[in-house]
Amino acid sequence: MLNAEQRAIIKATVPLLESGGEALTTHFYKMMLSEYPEVRPLFNQAHQASGDQPRALANGVLMYARHIDQLEQLGGLVGQIINKHVALQILPEHYPIVGSCLLRAIEEVLGKEIATPEVIAAWGAAYGQLADILIGAEEHLYKQKEEAAGGWRGAREFRLVRRAQESSEIVSFYFAPLDGKPVLKAEPGQYIGLQLFIDGVEQRRNYSLSALCDGKEYRISVKREAGGKVSNYLHDQLVVGDTLQLFPPSGDFTLTASDKPLVLISGGVGITPTLAMLEAALETKRPVHFIHCARNGAVHAFRDWISALAERHPQLQHFYCYAEADGSNDAHAVGLLSEDLLAEWMPVERDVDAYFLGPKGFMAAVKGYLKGLGVPEQQSRYEFFGPAAALQ
Ligand SMILES: Cc1cc2nc3c(=O)[nH]c(=O)nc-3n(C[C@H](O)[C@H](O)[C@H](O)COP(=O)(O)OP(=O)(O)OC[C@H]3O[C@@H](n4cnc5c(N)ncnc54)[C@H](O)[C@@H]3O)c2cc1C
Ligand code: HEM
(Lines give C-alpha, C1' and ligand atoms only; values in the text may rest on other atoms or scores of the structure.)
(Ligands and ions follow the chains in the order given, each with its own letter.)
Protein backbone atom coordinates (compact mmCIF):
# COMPACT_ATOMS: atom_id res chain seq x y z
CA MET A 1 0.00 0.00 0.00
CA LEU A 2 1.33 3.46 -0.88
CA ASN A 3 1.75 6.05 1.86
CA ALA A 4 0.73 9.71 1.47
CA GLU A 5 4.27 10.80 0.64
CA GLN A 6 4.59 8.16 -2.07
CA ARG A 7 1.24 9.20 -3.58
CA ALA A 8 2.48 12.80 -3.71
CA ILE A 9 5.67 11.67 -5.47
CA ILE A 10 3.66 9.69 -8.02
CA LYS A 11 1.39 12.66 -8.75
CA ALA A 12 4.40 14.96 -9.09
CA THR A 13 5.99 12.55 -11.57
CA VAL A 14 2.96 12.48 -13.89
CA PRO A 15 3.98 15.60 -15.91
CA LEU A 16 7.48 14.13 -16.26
CA LEU A 17 6.07 10.88 -17.57
CA GLU A 18 3.73 12.75 -19.88
CA SER A 19 6.63 14.43 -21.62
CA GLY A 20 9.00 11.47 -21.53
CA GLY A 21 6.77 8.44 -20.99
CA GLU A 22 7.25 6.93 -24.42
CA ALA A 23 11.04 7.22 -24.40
CA LEU A 24 10.95 5.55 -21.03
CA THR A 25 8.92 2.57 -22.15
CA THR A 26 10.85 2.20 -25.42
CA HIS A 27 14.04 2.02 -23.40
CA PHE A 28 12.38 -0.39 -20.97
CA TYR A 29 11.26 -2.74 -23.76
CA LYS A 30 14.73 -2.87 -25.33
CA MET A 31 16.20 -3.76 -21.96
CA MET A 32 13.59 -6.38 -21.12
CA LEU A 33 13.61 -8.11 -24.50
CA SER A 34 17.41 -8.37 -24.60
CA GLU A 35 17.83 -9.53 -21.00
CA TYR A 36 14.80 -11.80 -20.57
CA PRO A 37 14.46 -14.08 -23.62
CA GLU A 38 11.63 -15.97 -21.89
CA VAL A 39 9.20 -13.04 -22.37
CA ARG A 40 10.11 -12.39 -26.05
CA PRO A 41 7.48 -14.72 -27.55
CA LEU A 42 4.77 -12.80 -25.69
CA PHE A 43 5.48 -9.62 -27.61
CA ASN A 44 4.79 -9.04 -31.29
CA GLN A 45 8.00 -7.63 -32.82
CA ALA A 46 6.03 -5.62 -35.40
CA HIS A 47 4.15 -3.77 -32.64
CA GLN A 48 7.48 -2.89 -31.02
CA ALA A 49 8.85 -1.59 -34.29
CA SER A 50 5.80 0.61 -34.97
CA GLY A 51 5.99 2.01 -31.42
CA ASP A 52 2.33 1.09 -30.76
CA GLN A 53 3.08 -1.28 -27.91
CA PRO A 54 5.47 1.04 -25.98
CA ARG A 55 2.88 3.81 -26.50
CA ALA A 56 0.05 1.61 -25.14
CA LEU A 57 2.02 0.72 -22.02
CA ALA A 58 3.08 4.35 -21.50
CA ASN A 59 -0.58 5.32 -21.73
CA GLY A 60 -1.54 2.60 -19.21
CA VAL A 61 1.07 3.71 -16.71
CA LEU A 62 0.15 7.40 -17.14
CA MET A 63 -3.56 6.81 -16.71
CA TYR A 64 -2.79 4.91 -13.57
CA ALA A 65 -0.54 7.63 -12.18
CA ARG A 66 -3.17 10.27 -12.95
CA HIS A 67 -5.83 8.31 -11.05
CA ILE A 68 -3.72 7.05 -8.17
CA ASP A 69 -6.27 8.45 -5.69
CA GLN A 70 -9.36 7.09 -7.50
CA LEU A 71 -8.38 3.85 -9.15
CA GLU A 72 -12.02 2.97 -9.79
CA GLN A 73 -12.00 5.72 -12.46
CA LEU A 74 -9.64 3.62 -14.59
CA GLY A 75 -12.77 1.68 -15.52
CA GLY A 76 -12.53 0.41 -19.10
CA LEU A 77 -8.74 0.55 -19.26
CA VAL A 78 -8.27 -2.30 -16.79
CA GLY A 79 -10.78 -4.48 -18.70
CA GLN A 80 -8.99 -3.81 -21.96
CA ILE A 81 -5.55 -4.63 -20.56
CA ILE A 82 -6.56 -7.81 -18.75
CA ASN A 83 -8.37 -9.20 -21.79
CA LYS A 84 -5.29 -8.64 -23.99
CA HIS A 85 -3.07 -10.11 -21.29
CA VAL A 86 -5.27 -13.18 -20.79
CA ALA A 87 -5.50 -13.85 -24.53
CA LEU A 88 -1.68 -13.97 -24.66
CA GLN A 89 -1.30 -15.83 -21.32
CA ILE A 90 0.53 -13.18 -19.31
CA LEU A 91 1.19 -14.79 -15.93
CA PRO A 92 2.01 -13.55 -12.39
CA GLU A 93 5.68 -14.57 -12.78
CA HIS A 94 6.05 -12.11 -15.67
CA TYR A 95 5.21 -9.07 -13.52
CA PRO A 96 8.44 -8.83 -11.51
CA ILE A 97 10.41 -8.87 -14.80
CA VAL A 98 8.42 -5.90 -16.14
CA GLY A 99 8.59 -4.17 -12.75
CA SER A 100 12.37 -4.36 -12.34
CA CYS A 101 13.02 -3.28 -15.96
CA LEU A 102 10.57 -0.37 -15.65
CA LEU A 103 12.25 0.94 -12.50
CA ARG A 104 15.71 0.60 -14.02
CA ALA A 105 14.50 2.41 -17.13
CA ILE A 106 13.08 5.27 -15.01
CA GLU A 107 16.45 5.58 -13.31
CA GLU A 108 18.45 5.42 -16.53
CA VAL A 109 16.27 7.75 -18.59
CA LEU A 110 15.65 10.40 -15.93
CA GLY A 111 19.09 10.27 -14.35
CA LYS A 112 19.82 9.75 -10.68
CA GLU A 113 19.21 13.42 -9.80
CA ILE A 114 15.51 13.22 -10.62
CA ALA A 115 15.02 9.53 -10.01
CA THR A 116 16.10 9.63 -6.38
CA PRO A 117 15.80 6.49 -4.19
CA GLU A 118 12.51 7.95 -2.83
CA VAL A 119 11.09 8.39 -6.34
CA ILE A 120 12.14 4.86 -7.30
CA ALA A 121 10.69 3.44 -4.07
CA ALA A 122 7.37 5.24 -4.68
CA TRP A 123 7.17 3.91 -8.25
CA GLY A 124 8.14 0.46 -7.01
CA ALA A 125 5.22 0.54 -4.56
CA ALA A 126 2.86 1.97 -7.22
CA TYR A 127 3.86 -0.67 -9.77
CA GLY A 128 3.35 -3.36 -7.13
CA GLN A 129 -0.15 -2.05 -6.43
CA LEU A 130 -1.09 -1.92 -10.12
CA ALA A 131 0.45 -5.36 -10.72
CA ASP A 132 -1.62 -6.79 -7.85
CA ILE A 133 -4.82 -5.35 -9.37
CA LEU A 134 -4.02 -6.79 -12.81
CA ILE A 135 -2.81 -10.18 -11.51
CA GLY A 136 -5.96 -10.53 -9.39
CA ALA A 137 -8.30 -9.55 -12.22
CA GLU A 138 -6.46 -11.81 -14.67
CA GLU A 139 -6.60 -14.80 -12.32
CA HIS A 140 -10.35 -14.22 -12.00
CA LEU A 141 -10.69 -14.40 -15.80
CA TYR A 142 -8.40 -17.45 -16.14
CA LYS A 143 -10.47 -19.26 -13.52
CA GLN A 144 -13.77 -18.29 -15.16
CA LYS A 145 -12.56 -19.64 -18.51
CA GLU A 146 -11.27 -22.82 -16.92
CA GLU A 147 -14.51 -23.54 -15.06
CA ALA A 148 -17.00 -22.65 -17.82
CA ALA A 149 -18.48 -25.45 -19.96
CA GLY A 150 -15.93 -26.35 -22.65
CA GLY A 151 -13.39 -24.08 -21.02
CA TRP A 152 -9.73 -24.58 -20.24
CA ARG A 153 -6.66 -22.83 -18.83
CA GLY A 154 -3.46 -22.23 -20.78
CA ALA A 155 -2.70 -23.88 -24.10
CA ARG A 156 -4.97 -26.57 -25.58
CA GLU A 157 -4.13 -28.54 -28.69
CA PHE A 158 -6.36 -28.04 -31.73
CA ARG A 159 -6.29 -29.49 -35.24
CA LEU A 160 -6.99 -27.60 -38.45
CA VAL A 161 -10.07 -29.35 -39.84
CA ARG A 162 -10.92 -27.09 -42.82
CA ARG A 163 -9.72 -24.03 -44.65
CA ALA A 164 -11.60 -21.78 -47.06
CA GLN A 165 -10.41 -18.99 -49.35
CA GLU A 166 -12.66 -15.99 -48.65
CA SER A 167 -11.01 -13.41 -50.94
CA SER A 168 -7.70 -12.99 -52.76
CA GLU A 169 -6.04 -12.22 -49.42
CA ILE A 170 -8.23 -13.69 -46.64
CA VAL A 171 -8.38 -17.38 -45.70
CA SER A 172 -10.62 -18.93 -43.02
CA PHE A 173 -9.27 -21.66 -40.73
CA TYR A 174 -11.50 -23.99 -38.72
CA PHE A 175 -9.99 -25.55 -35.58
CA ALA A 176 -11.37 -28.45 -33.48
CA PRO A 177 -9.79 -29.67 -30.22
CA LEU A 178 -7.73 -32.87 -30.36
CA ASP A 179 -9.46 -34.18 -27.24
CA GLY A 180 -12.82 -34.13 -29.07
CA LYS A 181 -14.50 -32.41 -26.12
CA PRO A 182 -16.66 -29.24 -26.34
CA VAL A 183 -15.08 -25.81 -26.55
CA LEU A 184 -15.94 -22.67 -24.62
CA LYS A 185 -18.73 -20.74 -26.34
CA ALA A 186 -17.11 -17.41 -27.09
CA GLU A 187 -19.12 -14.22 -27.03
CA PRO A 188 -19.58 -12.63 -30.46
CA GLY A 189 -16.67 -10.21 -30.97
CA GLN A 190 -14.10 -12.14 -28.92
CA TYR A 191 -10.72 -13.36 -30.12
CA ILE A 192 -8.49 -16.35 -29.41
CA GLY A 193 -4.74 -16.58 -28.89
CA LEU A 194 -2.66 -18.78 -31.21
CA GLN A 195 0.64 -20.20 -30.08
CA LEU A 196 2.80 -21.67 -32.78
CA PHE A 197 6.42 -22.38 -33.56
CA ILE A 198 7.82 -21.11 -36.84
CA ASP A 199 11.38 -22.18 -37.64
CA GLY A 200 11.70 -23.17 -33.99
CA VAL A 201 10.73 -19.70 -32.71
CA GLU A 202 7.57 -19.32 -30.64
CA GLN A 203 5.01 -16.78 -31.88
CA ARG A 204 1.72 -15.70 -30.30
CA ARG A 205 -1.02 -13.80 -32.08
CA ASN A 206 -4.68 -12.91 -31.47
CA TYR A 207 -7.38 -13.58 -34.07
CA SER A 208 -11.05 -12.65 -33.79
CA LEU A 209 -13.54 -15.46 -34.13
CA SER A 210 -15.22 -14.85 -37.48
CA ALA A 211 -18.20 -17.12 -36.84
CA LEU A 212 -20.55 -17.64 -33.94
CA CYS A 213 -19.14 -20.49 -31.87
CA ASP A 214 -21.16 -23.73 -31.97
CA GLY A 215 -19.39 -25.24 -28.95
CA LYS A 216 -17.43 -27.64 -31.19
CA GLU A 217 -14.94 -25.63 -33.21
CA TYR A 218 -13.60 -22.14 -33.83
CA ARG A 219 -13.21 -20.25 -37.08
CA ILE A 220 -10.72 -17.45 -37.67
CA SER A 221 -10.18 -15.55 -40.94
CA VAL A 222 -6.71 -14.25 -41.59
CA LYS A 223 -5.47 -11.64 -44.02
CA ARG A 224 -2.06 -12.22 -45.56
CA GLU A 225 0.21 -9.40 -44.36
CA ALA A 226 3.17 -8.59 -46.60
CA GLY A 227 6.24 -9.72 -44.65
CA GLY A 228 4.08 -10.99 -41.74
CA LYS A 229 5.40 -14.08 -39.94
CA VAL A 230 2.23 -15.77 -38.72
CA SER A 231 -0.28 -14.83 -41.43
CA ASN A 232 2.04 -16.08 -44.19
CA TYR A 233 2.77 -19.25 -42.26
CA LEU A 234 -0.96 -19.92 -41.85
CA HIS A 235 -1.70 -19.18 -45.52
CA ASP A 236 1.25 -21.08 -47.03
CA GLN A 237 2.15 -23.86 -44.63
CA LEU A 238 -0.68 -24.84 -42.30
CA VAL A 239 -2.55 -27.76 -43.86
CA VAL A 240 -5.61 -29.70 -42.73
CA GLY A 241 -4.54 -32.16 -40.01
CA ASP A 242 -1.80 -29.90 -38.60
CA THR A 243 -2.02 -29.03 -34.92
CA LEU A 244 -1.34 -25.90 -32.90
CA GLN A 245 -2.10 -24.52 -29.45
CA LEU A 246 -4.98 -22.17 -28.71
CA PHE A 247 -5.60 -20.01 -25.65
CA PRO A 248 -9.26 -19.57 -24.60
CA PRO A 249 -11.37 -16.81 -26.18
CA SER A 250 -11.11 -13.41 -24.57
CA GLY A 251 -11.97 -9.78 -25.25
CA ASP A 252 -14.43 -7.11 -24.18
CA PHE A 253 -15.45 -5.87 -27.64
CA THR A 254 -18.59 -7.97 -27.49
CA LEU A 255 -22.14 -7.57 -28.67
CA THR A 256 -24.38 -6.29 -25.89
CA ALA A 257 -27.95 -7.56 -25.88
CA SER A 258 -30.31 -4.71 -26.81
CA ASP A 259 -33.37 -3.91 -28.93
CA LYS A 260 -31.75 -0.90 -30.56
CA PRO A 261 -30.89 -1.16 -34.25
CA LEU A 262 -27.37 -2.53 -34.73
CA VAL A 263 -24.90 -0.84 -37.07
CA LEU A 264 -21.80 -2.88 -37.93
CA ILE A 265 -19.11 -0.99 -39.83
CA SER A 266 -15.90 -2.62 -40.98
CA GLY A 267 -12.92 -1.98 -43.20
CA GLY A 268 -10.93 -4.86 -44.77
CA VAL A 269 -10.19 -7.76 -42.44
CA GLY A 270 -11.81 -5.76 -39.61
CA ILE A 271 -14.95 -7.54 -40.83
CA THR A 272 -14.14 -10.68 -38.79
CA PRO A 273 -15.66 -9.92 -35.34
CA THR A 274 -18.65 -8.21 -36.98
CA LEU A 275 -19.53 -11.52 -38.71
CA ALA A 276 -20.02 -13.29 -35.39
CA MET A 277 -21.96 -10.27 -34.11
CA LEU A 278 -24.14 -10.33 -37.21
CA GLU A 279 -24.96 -14.02 -36.77
CA ALA A 280 -25.87 -13.46 -33.11
CA ALA A 281 -28.04 -10.42 -33.91
CA LEU A 282 -29.96 -12.30 -36.58
CA GLU A 283 -31.07 -14.78 -33.93
CA THR A 284 -33.04 -11.86 -32.47
CA LYS A 285 -35.46 -9.43 -34.09
CA ARG A 286 -33.25 -6.35 -34.06
CA PRO A 287 -32.64 -4.54 -37.35
CA VAL A 288 -29.05 -4.76 -38.57
CA HIS A 289 -27.26 -2.39 -40.94
CA PHE A 290 -24.06 -4.04 -42.15
CA ILE A 291 -21.64 -1.62 -43.79
CA HIS A 292 -18.38 -2.92 -45.21
CA CYS A 293 -15.54 -1.11 -46.95
CA ALA A 294 -12.95 -2.88 -49.07
CA ARG A 295 -10.31 -1.82 -51.59
CA ASN A 296 -12.16 -3.62 -54.42
CA GLY A 297 -14.20 -6.73 -55.20
CA ALA A 298 -11.18 -9.06 -55.37
CA VAL A 299 -10.28 -8.48 -51.71
CA HIS A 300 -13.89 -8.30 -50.52
CA ALA A 301 -14.48 -11.36 -48.29
CA PHE A 302 -17.80 -13.02 -47.31
CA ARG A 303 -19.86 -11.11 -49.92
CA ASP A 304 -21.88 -14.15 -51.06
CA TRP A 305 -22.46 -15.31 -47.49
CA ILE A 306 -23.83 -11.89 -46.45
CA SER A 307 -26.04 -11.70 -49.56
CA ALA A 308 -27.50 -15.12 -48.76
CA LEU A 309 -28.18 -14.03 -45.18
CA ALA A 310 -29.88 -10.84 -46.40
CA GLU A 311 -32.23 -12.91 -48.56
CA ARG A 312 -33.30 -15.00 -45.57
CA HIS A 313 -33.43 -12.12 -43.05
CA PRO A 314 -35.38 -8.99 -44.10
CA GLN A 315 -34.14 -7.28 -40.91
CA LEU A 316 -30.63 -7.18 -42.48
CA GLN A 317 -29.58 -4.35 -44.79
CA HIS A 318 -26.10 -4.40 -46.26
CA PHE A 319 -24.01 -1.72 -47.99
CA TYR A 320 -20.59 -2.01 -49.61
CA CYS A 321 -18.14 0.76 -50.35
CA TYR A 322 -15.08 0.07 -52.54
CA ALA A 323 -12.13 2.43 -52.53
CA GLU A 324 -11.38 1.63 -56.19
CA ALA A 325 -13.75 1.13 -59.13
CA ASP A 326 -13.33 -2.47 -60.33
CA GLY A 327 -15.77 -2.59 -63.21
CA SER A 328 -18.34 -4.56 -61.18
CA ASN A 329 -21.67 -3.41 -59.82
CA ASP A 330 -20.99 -5.02 -56.46
CA ALA A 331 -20.40 -1.80 -54.52
CA HIS A 332 -23.11 0.60 -53.44
CA ALA A 333 -20.54 3.40 -53.59
CA VAL A 334 -17.00 3.89 -54.87
CA GLY A 335 -14.47 6.01 -52.99
CA LEU A 336 -13.93 6.38 -49.28
CA LEU A 337 -16.73 6.10 -46.75
CA SER A 338 -17.98 9.59 -45.88
CA GLU A 339 -20.33 10.99 -43.26
CA ASP A 340 -22.94 11.58 -45.99
CA LEU A 341 -22.82 7.94 -47.12
CA LEU A 342 -23.02 6.74 -43.54
CA ALA A 343 -26.00 9.04 -42.94
CA GLU A 344 -27.74 7.47 -45.93
CA TRP A 345 -26.95 3.88 -44.89
CA MET A 346 -27.71 4.19 -41.17
CA PRO A 347 -31.19 3.96 -39.65
CA VAL A 348 -32.88 7.38 -39.61
CA GLU A 349 -33.23 7.00 -35.85
CA ARG A 350 -29.71 7.60 -34.47
CA ASP A 351 -30.26 5.84 -31.14
CA VAL A 352 -28.35 2.80 -32.43
CA ASP A 353 -25.58 0.52 -31.16
CA ALA A 354 -22.59 0.90 -33.47
CA TYR A 355 -19.55 -1.38 -33.58
CA PHE A 356 -16.67 -0.67 -35.92
CA LEU A 357 -13.24 -2.00 -36.75
CA GLY A 358 -10.71 -1.49 -39.53
CA PRO A 359 -7.44 0.32 -40.20
CA LYS A 360 -6.64 3.07 -37.69
CA GLY A 361 -7.34 5.98 -40.08
CA PHE A 362 -10.66 4.41 -41.07
CA MET A 363 -11.66 4.00 -37.41
CA ALA A 364 -10.73 7.58 -36.58
CA ALA A 365 -12.94 8.77 -39.46
CA VAL A 366 -15.86 6.49 -38.51
CA LYS A 367 -15.68 7.58 -34.88
CA GLY A 368 -15.99 11.21 -35.99
CA TYR A 369 -18.83 10.47 -38.43
CA LEU A 370 -20.86 8.60 -35.80
CA LYS A 371 -20.40 11.46 -33.38
CA GLY A 372 -21.38 13.95 -36.10
CA LEU A 373 -24.50 11.93 -36.87
CA GLY A 374 -25.60 12.02 -33.26
CA VAL A 375 -24.91 8.44 -32.14
CA PRO A 376 -24.37 8.62 -28.35
CA GLU A 377 -20.66 8.15 -27.61
CA GLN A 378 -21.18 5.22 -25.23
CA GLN A 379 -23.09 3.39 -28.00
CA SER A 380 -20.21 3.67 -30.44
CA ARG A 381 -17.70 0.88 -29.78
CA TYR A 382 -14.48 -0.25 -31.40
CA GLU A 383 -11.40 -2.39 -30.99
CA PHE A 384 -7.91 -2.51 -32.46
CA PHE A 385 -6.17 -5.39 -34.24
CA GLY A 386 -3.07 -4.39 -32.30
CA PRO A 387 -2.23 -2.37 -29.22
CA ALA A 388 -4.87 0.23 -28.42
CA ALA A 389 -4.07 3.74 -29.64
CA ALA A 390 -5.66 7.18 -29.55
CA LEU A 391 -8.20 7.73 -32.35
CA GLN A 392 -7.76 11.31 -33.48
C1 LIG B 1 -7.69 -8.58 -30.79
C2 LIG B 1 -7.07 -8.84 -32.14
C3 LIG B 1 -7.82 -9.49 -33.11
C4 LIG B 1 -7.27 -9.72 -34.38
N5 LIG B 1 -8.03 -10.34 -35.33
C6 LIG B 1 -7.54 -10.55 -36.57
C7 LIG B 1 -8.33 -11.19 -37.58
O8 LIG B 1 -9.48 -11.57 -37.35
N9 LIG B 1 -7.77 -11.39 -38.80
C10 LIG B 1 -6.49 -10.97 -39.09
O11 LIG B 1 -6.04 -11.18 -40.22
N12 LIG B 1 -5.74 -10.35 -38.16
C13 LIG B 1 -6.22 -10.15 -36.91
N14 LIG B 1 -5.43 -9.55 -35.95
C15 LIG B 1 -4.04 -9.20 -36.28
C16 LIG B 1 -3.13 -10.40 -36.04
O17 LIG B 1 -3.04 -10.67 -34.65
C18 LIG B 1 -1.71 -10.20 -36.56
O19 LIG B 1 -1.20 -9.01 -36.02
C20 LIG B 1 -1.64 -10.15 -38.08
O21 LIG B 1 -2.09 -11.38 -38.63
C22 LIG B 1 -0.19 -9.91 -38.55
O23 LIG B 1 0.61 -10.91 -37.99
P24 LIG B 1 1.87 -11.50 -38.77
O25 LIG B 1 2.60 -12.38 -37.85
O26 LIG B 1 1.48 -12.03 -40.09
O27 LIG B 1 2.70 -10.19 -39.08
P28 LIG B 1 3.91 -9.63 -38.23
O29 LIG B 1 5.08 -10.56 -38.34
O30 LIG B 1 3.43 -9.30 -36.89
O31 LIG B 1 4.22 -8.33 -39.07
C32 LIG B 1 3.23 -7.32 -39.30
C33 LIG B 1 3.83 -6.25 -40.20
O34 LIG B 1 4.94 -5.64 -39.56
C35 LIG B 1 6.11 -5.82 -40.32
N36 LIG B 1 7.20 -6.16 -39.37
C37 LIG B 1 7.36 -7.32 -38.70
N38 LIG B 1 8.43 -7.28 -37.88
C39 LIG B 1 8.98 -6.06 -38.07
C40 LIG B 1 10.10 -5.40 -37.54
N41 LIG B 1 10.88 -5.99 -36.62
N42 LIG B 1 10.35 -4.14 -37.99
C43 LIG B 1 9.56 -3.53 -38.88
N44 LIG B 1 8.46 -4.10 -39.42
C45 LIG B 1 8.18 -5.34 -39.02
C46 LIG B 1 5.83 -6.94 -41.30
O47 LIG B 1 6.55 -6.82 -42.51
C48 LIG B 1 4.36 -6.80 -41.53
O49 LIG B 1 4.08 -5.85 -42.53
C50 LIG B 1 -5.96 -9.30 -34.67
C51 LIG B 1 -5.20 -8.68 -33.68
C52 LIG B 1 -5.75 -8.45 -32.43
C53 LIG B 1 -4.92 -7.77 -31.37
C1 HEM C 1 1.42 -3.01 -14.42
C2 HEM C 1 1.84 -3.68 -15.44
C3 HEM C 1 1.32 -3.59 -16.86
C4 HEM C 1 0.61 -2.59 -17.51
C5 HEM C 1 0.14 -1.24 -16.97
C6 HEM C 1 0.38 -3.07 -18.85
C7 HEM C 1 -0.31 -2.35 -19.81
C8 HEM C 1 -0.62 -2.83 -21.06
C9 HEM C 1 -1.41 -2.12 -22.04
C10 HEM C 1 -2.03 -0.74 -21.83
C11 HEM C 1 -1.51 -2.92 -23.12
C12 HEM C 1 -2.26 -2.60 -24.42
C13 HEM C 1 -3.70 -3.06 -24.29
C14 HEM C 1 -4.47 -2.95 -25.58
O15 HEM C 1 -3.87 -2.98 -26.65
O16 HEM C 1 -5.67 -2.84 -25.53
C17 HEM C 1 -0.78 -4.12 -22.86
C18 HEM C 1 -0.65 -5.16 -23.74
C19 HEM C 1 0.27 -6.17 -23.56
N20 HEM C 1 0.99 -6.44 -22.40
FE21 HEM C 1 0.92 -5.41 -20.70
N22 HEM C 1 0.94 -4.30 -19.00
C23 HEM C 1 1.53 -4.65 -17.81
C24 HEM C 1 2.20 -5.83 -17.53
C25 HEM C 1 2.57 -6.74 -18.49
C26 HEM C 1 3.42 -7.90 -18.26
C27 HEM C 1 3.97 -8.33 -16.90
C28 HEM C 1 3.58 -8.52 -19.47
C29 HEM C 1 4.42 -9.74 -19.79
C30 HEM C 1 5.73 -9.79 -19.60
C31 HEM C 1 2.81 -7.77 -20.45
C32 HEM C 1 2.68 -8.10 -21.78
C33 HEM C 1 1.79 -7.51 -22.66
C34 HEM C 1 1.60 -7.97 -24.02
C35 HEM C 1 2.32 -9.14 -24.69
C36 HEM C 1 0.63 -7.12 -24.60
C37 HEM C 1 0.09 -7.17 -26.03
C38 HEM C 1 1.14 -6.49 -26.87
C39 HEM C 1 0.84 -6.40 -28.34
O40 HEM C 1 -0.32 -6.30 -28.75
O41 HEM C 1 1.83 -6.40 -29.06
N42 HEM C 1 2.22 -6.72 -19.82
N43 HEM C 1 -0.25 -4.05 -21.58
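Placed above this text is the structure.
Residues numbered from 1 in each chain as written. Chains lettered and ligands numbered in written order. Predicted model: local features only at pLDDT ≥ 70, side-chain atom pairs only at ≥ 80, totals over all residues. Heavy atoms only, no water.

1. What about the site of ligand 1?
And then number 1: Taken together, 25 residues sit near ligand 1, with N206, Y207, V230, S231 and T272 positioned nearest.
And then number 2: Between a nitrogen atom of ligand 1 and a main-chain N or O atom of S208, the distance comes to 3.1 Å.
And then number 3: Here ligand 1, which alone exposes 960 Å², has 76% of that area covered by the protein.
And then number 4: Those elements giving two or more residues to the shell around ligand 1 turn out to be α2 (45–50), β4 (201–208), β5 (218–223) and α7 (229–236).
And then number 5: At 4 residues, the largest contribution of residues to the shell around ligand 1 is made by β4. (Near = heavy atom within 4 Å. Polar contact = N/O pair within 3.5 Å; in protein donor to acceptor, adjacent residues only side chain to side chain. Areas by Shrake-Rupley, 256 points an atom, 1.4 Å probe, with all protein chains shown as cover. Helix = DSSP H or I, 4+ residues; strand = E, 2+ residues; numbered from the N terminus.)

2. So, the nonpolar core
Looking at soluble globular proteins, one finds that nonpolar side chains tend to be buried together.
And then number 1: By size, the foremost hydrophobic cluster in this structure holds 51 residues, and its most contacted members are I265, L278, L337 and L370.
And then number 2: Only β7 (262–267), α8 (271–281), β8 (288–294), α9 (303–312), β9 (316–322), α10 (339–345), β11 (353–357) and α11 (360–372) provide two or more residues apiece to this core.
And then number 3: Broken down by element, the residue count for this core peaks at 6 residues, all from α8.
And then number 4: Those residues in contact with L278, other than ones at most four positions away along the chain, are L264, V288, F290, W305, I306, L309 and L316.
And then number 5: L17, Y64, I90 and I97 belong to the second largest nonpolar core, which has 46 residues in total. (Core = buried A, V, L, I, M, F, W, Y, C linked by side-chain atoms within 4.5 Å. Buried < 20%, exposed > 50% of the residue type's maximum accessible area, 1.4 Å probe, protein only. Contact = heavy atoms within 4.5 Å.)

3. A closer look at helix α3 (residues 52–66)
And then number 1: With 15 residues, α3 extends 21 Å between its outermost C-alpha atoms, agreeing within 8% with the 21 Å of an ideal straight helix rising 1.5 Å per residue.
And then number 2: Burial in α3 covers these residues: D52, Q53, P54, A58, G60, V61, L62, Y64 and A65. (Expected span 1.5 Å × (residues − 1).)

4. Quick word on the sheet that holds β7
And then number 1: Read from one edge of the open sheet, 6 strands run β10-β9-β8-β7-β11-β12, paired in parallel fashion. At either end of the open sheet lies a strand with only one pairing partner, and these are β10 (333–334) and β12 (380–382).
And then number 2: Here β9 pairs with β10 via 2 bridges, running parallel. Looking across to β10, one finds that Y322 is bridged to V334.
And then number 3: Where α8 meets the sheet, its contacts fall on β7, β8, β9 and β11, and the angle it forms with β7 comes to roughly 160 degrees.
And then number 4: Packing of α11 onto the sheet brings it into contact with β7, β8, β11 and β12, and relative to β11 it is tilted by some 165 degrees. (Pairing = 2+ DSSP bridges. Axes fitted to C-alpha atoms, helices over the stretch in contact; angles between N-to-C directions.)

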